[in-house]
Amino acid sequence: MSIQIQVLGQRGSDNAVLVTVDTGQHVSRLLMDCGENTVSTVPFSESSQIDHVLFSHFHMDHVAGFDTFFRRHYERADRVNHIWGPPGTSELMWHRFRGFTWNLVASRKATWICHDIGNTNVKAARHELDEAFASSYPMQTSSVPERLFEAPGYHVEAITLQHGTPSISYIFRDNERWNVDVTKMRSLGLKPGPWLKNLNTDAVCQIDGVAHDAERLRQLLLVRTPGQSMAFLTDFMAVDDEQKRIARHLHGVETLVCECQYRKDDENLARANFHMTTEWVGKLASLVEPRQLLLTHFSERYTPAQWDEMVTEVQQHFARATAA
């Protein structure tokens, strides 16, 4: 299993994050946010395989590039197209779908499902290309589970952050695996064989004609390997108890992709616009303790040299910080 993270867009410009999950048997692609001129840098063959588009919120700089994605793939019929975001996502996307004339594609079919992530439930609505997106069909409301949705080999979680409006953070976790300790197996005088395939389910394992208690073998031989994980946080403000709340949700996350909008000395601007400062980002990362912190969404008010200085400011609180 591998998780590849690609931050799209330059420092000081619109950003997006493309996550590719490769289980060895199945490849999933997920796009978080869609700033202007971000998805256009992704080859068509890759963007056509994006399974889910996940929006943090709908300020212009996070959605301006969606029309490019939609223009490329509005008629994808080989899959259900999923869009996720804060409350109001379905209505906003429906208006966006209907902002075009569809007279030449009336016979083509494609389904787009939009999901509104609330604090207590997830609402969804279905929209159809062959109807020129004339109607929005409400779907069954579901409660917000620990896992927002599952896919082969991984699952996605969501938490709501505050940006003066809800901003959704997405957490990707590779499912944990149980591996056989080969050294321990050899020390017990056991040889690999067909019995290993059923070790997790059988009550008794037959090994070279000898019956073994499968539960005892599981305790002796199986080693839990946590899966890879990453989290995406942008356009939010978090200090004190809010940082602690977020850190609890992000426990165990290996890679943290986080906005770095303002310098420490510009805290007044950060508070006025519900963004993070370098100091706040560094302190949050010190609570989460990821293996790496990728900084993104730098304010264009600063120069490239100042952006480098901002990375240094974050590193004063969390050394493993780099600019994405």
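Up top you'll find the structure we're talking about.
Now for a description of the structure that goes with this document. Positions within a chain are numbered from 1, following the residues in the order the chain's sequence is written. Restriction of local features to residues with pLDDT of at least 70 applies here, the model being predicted, together with a cutoff of 80 or more for giving and counting side-chain atom pairs; totals for whole chains, interfaces and linings are based on all residues. For side-chain calculations, the full set of non-hydrogen atoms in the structure is used, while hydrogens and water are omitted.

### Focus on the pairing of strand E12 (residues 166–174)
Of all nine residues making up E12, eight are buried, and the element is well covered by its neighbours. The pairing criterion for strands is at least two bridges between them, as found by DSSP. For helices the rule is a DSSP run of H or I covering at least 4 residues; for strands it is a run of E covering at least 2, with both sets numbered from the N terminus onward. With nine bridges connecting them, strand E11 (residues 154–162) and E12 associate as antiparallel partners. Note on E12: the bridge partner recorded for Ala158 is Tyr170. Two strands pair when backbone bridges link them, and E12 and strand E17 (residues 229–233) are joined in this way by four bridges, in the antiparallel orientation. Paired with Tyr170 across the strands is Phe232, a residue of E17. Partly exposed residues are those whose accessible area sits between 20% and 50% of the maximum for their type, while under 20% is buried and over 50% is exposed, using a 1.4 Å probe and protein chains only.

### Thoughts on the pairing of strand E4 (residues 50–54)
Most of E4 sits inside the fold, with five of its five residues counted as buried. Judged from the four bridges that link them, strand E3 (residues 27–32) and E4 form a sheet pairing that is parallel. Note that in E4 the partner of Met32 across the bridge is Leu54. Bridge count for E4 against strand E5 (residues 81–85) is three bridges, and the pairing is parallel. Looking across to E5, one finds that His52 is bridged to His82.

### Examining the packing of helix H7 (residues 241–249) against helix H9 (residues 278–288)
Axis definition: a line fit to C-alpha positions, over the contact stretch in the case of helices; interaxial angles, taken between N-to-C directions, run 0 to 180 degrees. At a closest axis distance of 9 Å, the pairing of H7 and H9 adopts a crossing angle of 40°. Taken together, the axes of H7 and H9 lie oblique to each other. Remark: the crossing between H7 and H9 carries right-handed chirality. The residues of H9 that touch H7, namely those facing Gln243, Lys244, Ile246 and Ala247, are Trp280, Lys283, Leu284, Leu287 and Val288. When describing relative orientation, an angle under 35 degrees is termed roughly parallel and one over 145 degrees roughly antiparallel, while 65 to 115 degrees is termed roughly perpendicular and anything else oblique. Two helices crossing with the near one rotated counterclockwise from the far one by less than a right angle form a left-handed crossing, whereas a clockwise rotation gives a right-handed crossing. Should any heavy atoms of two residues lie within 4.5 Å, those residues are considered in contact.

### What to know about the pattern of salt bridges
Salt bridge, as used here: a side-chain nitrogen of Lys or Arg that lies within 4 Å of a carboxyl oxygen of Asp or Glu. In this structure the tally under the stated criterion is 16 salt bridges. For the salt bridge of Glu128 with Arg126, the shortest nitrogen-to-oxygen distance reads 2.7 Å. The partly exposed category is assigned to Arg126, whose relative accessible area is 29%. When salt bridges that share partners are traced, they join Asp51, Asp78 and Arg79 into one network.

### Structural notes on the side chain of Thr234
As for its placement among the helices and strands, Thr234 is situated in the loop between E17 and H7. Pairing of N or O atoms within 3.5 Å defines a polar contact, subject to two protein rules: one partner must be a possible hydrogen donor and the other a possible acceptor, and residues neighboring in sequence count only if both atoms are side-chain atoms. Here Asp235 takes part through its side chain, which lies 2.9 Å from a polar atom of the side chain of Thr234. With residues up to four places along the chain from it excluded, the contact list for Thr234 reads Asp33, Ser56, His62, Ser167, Glu259 and His297.

### Observations regarding the packing of aromatic side chains
Here is the rule: rings of Phe, Tyr and Trp (six-membered ring for Trp) pair when centre to centre is within 6.5 Å. Planes less than 30 degrees apart are stacked, more than 60 are edge-to-face, and the remainder are tilted. All chains considered together, the criterion is met by 18 aromatic pairs. Seen in terms of ring centroids, Phe55 and Phe58 are 4.9 Å apart; in terms of plane orientation they differ by 45°. Their pairing is tilted. Given the relative accessible area of 0%, Phe55 is considered buried. Feature note: the residues Phe55, Phe58, Phe66, Phe69, Phe70, Tyr74, Phe97, Phe100, Trp102, Trp112 and Phe133 constitute an aromatic cluster, connected by ring pairs. Just above the ring of Tyr137 sits the side chain of Arg126; from NZ or CZ to the centre is 4.5 Å. Lying over the aromatic face of Tyr302, Arg301 brings its terminal NZ or CZ to 5.9 Å of the ring centre. Lysine and arginine charges are scored as sitting over a ring when NZ or CZ, respectively, is within 6 Å of the ring centre and within 35 degrees of the ring normal.

Function cannot be inferred from these measures alone, as they are strictly geometric.
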